[in-house]
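Understanding the architecture of this molecule
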Amino acid sequence: SKLAKIKIVRKNIARLLTVFGQKQRNEAKKQWKGKKYLPLDLRPKKTRAIRRALKPEQLNAKTQRQKTRESNFPKRMYAVSM
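Quick caveat: nothing in here was measured; it's all calculated off a predicted structure. (Residues numbered from 1 in each chain as written. Predicted model: local features only at pLDDT ≥ 70, side-chain atom pairs only at ≥ 80, totals over all residues. Heavy atoms only, no water.)

1. Some points on the overall build of the protein
We count it as follows: Per the convention used, a helix needs a DSSP run of H or I reaching at least four residues, while a strand needs a run of E reaching at least two, with both numbered from the N terminus. Taken over C-alpha atoms, the radius of gyration is set against a globule rule of 2.2 Å times the number of residues to the power 0.38. The rule is simple: take the accessible area with a 1.4 Å probe, protein chains only, and divide by the maximum for that residue type; under 20% is buried, over 50% is exposed, in between is partly exposed. A 1.4 Å probe and the Shrake-Rupley method give the accessible areas. Residues count as covered only by the protein chains that appear here. Charge assignment: positive for Lys and Arg, negative for Asp and Glu; neither His nor the chain ends contribute. Lys charges are placed at NZ, Arg charges at CZ, Asp charges at CG and Glu charges at CD.
When you go through the protein residue by residue, the secondary structure sums to four helices and zero strands. Each helix (α) and strand (β) of the protein, taken in turn from the N terminus, gives the series α-α-α-α. On C-alpha atoms alone, the protein measures out to a radius of gyration of 27 Å, which is more than a quarter above the 12 Å that the 2.2 N^0.38 rule sets for 82 residues. Taken along its principal axes, the extent of the C-alpha atoms in the protein is 85 × 40 × 20 Å. With 82 residues in all, the protein has 1% of them scored as buried. Counting only carbon and sulfur atoms, one obtains 59% of the accessible surface of the protein, whose full area is about 9,000 Å². One finds the centroid of the 26 positive side-chain charges in the protein at a distance of 8 Å from the centroid of its 4 negative side-chain charges.

This is the structure in structure tokens:
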């Protein structure tokens, strides 16, 4: 029937457009690889909070004063616990 054919054609068009979009995206990724900035649509989506959170190396960074204090006054170790 005609309706079934229309559905098949629509699905085929959708498949084609999906493949075209994927190819275009992959080419864009190759083109922008290694550059300083990525276009917004190629960046990882994640969530707004995760994107704005500090990076692990920034979280674990310590000031010179903190490092000095930690080395000068290490955690004390005791053989006997109370």
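Still more to cover.
2. A short note on the layout of surface pockets
Heads up, the rule is: Both site types are read off a 1 Å grid over the protein atoms alone. A 1.4 Å probe that fits but cannot get out defines a cavity, while an open set with protein on both sides within 12 Å along at least five of seven lines defines a pocket; lining residues have an atom within 4 Å of a point. Grid points are joined across faces, edges and corners, and a volume is the space filled by probe spheres set on the points. Amino acids outside the nonpolar list (Ala, Val, Leu, Ile, Met, Phe, Trp, Tyr, Cys, Pro) and the charged list (Asp, Glu, Lys, Arg) are all regarded as polar, and Gly is one of them.
Of the volumes computed, that of the largest pocket is approximately 150 Å³. Lining the largest pocket are Pro 44, Lys 46, Ile 50, Arg 51, Ala 53 and Lys 55. Residues belonging to the lining of the largest pocket are distributed by class as follows: three nonpolar, no polar and three charged.

3. Points about unusual backbone geometry
Of note in this structure, Lys 46 is not a glycine but carries a positive phi near 50°. Looking at where Lys 46 falls in the secondary structure, it is placed in the loop between helix 1 (2–32) and helix 2 (48–52).

4. A closer look at the pattern of salt bridges
What counts, and what does not: Throughout this description, the term salt bridge denotes a Lys or Arg side-chain nitrogen within 4 Å of a carboxyl oxygen of Asp or Glu.
Per the counting criterion, the structure on display carries one salt bridge. We note a salt bridge from Glu 70 to Lys 62, for which the minimum N-O separation is 3.0 Å. Judged by relative accessible area, Lys 62 falls into the partly exposed class, the value being 40%.

5. With respect to the environment of Tyr 78
Summarising the element assignment, Tyr 78 is placed in the segment after helix 4 (64–72). Spatially, the C-alpha atom of Tyr 78 lies 41 Å from that of Ala 49, the residues being 29 residues apart in sequence.

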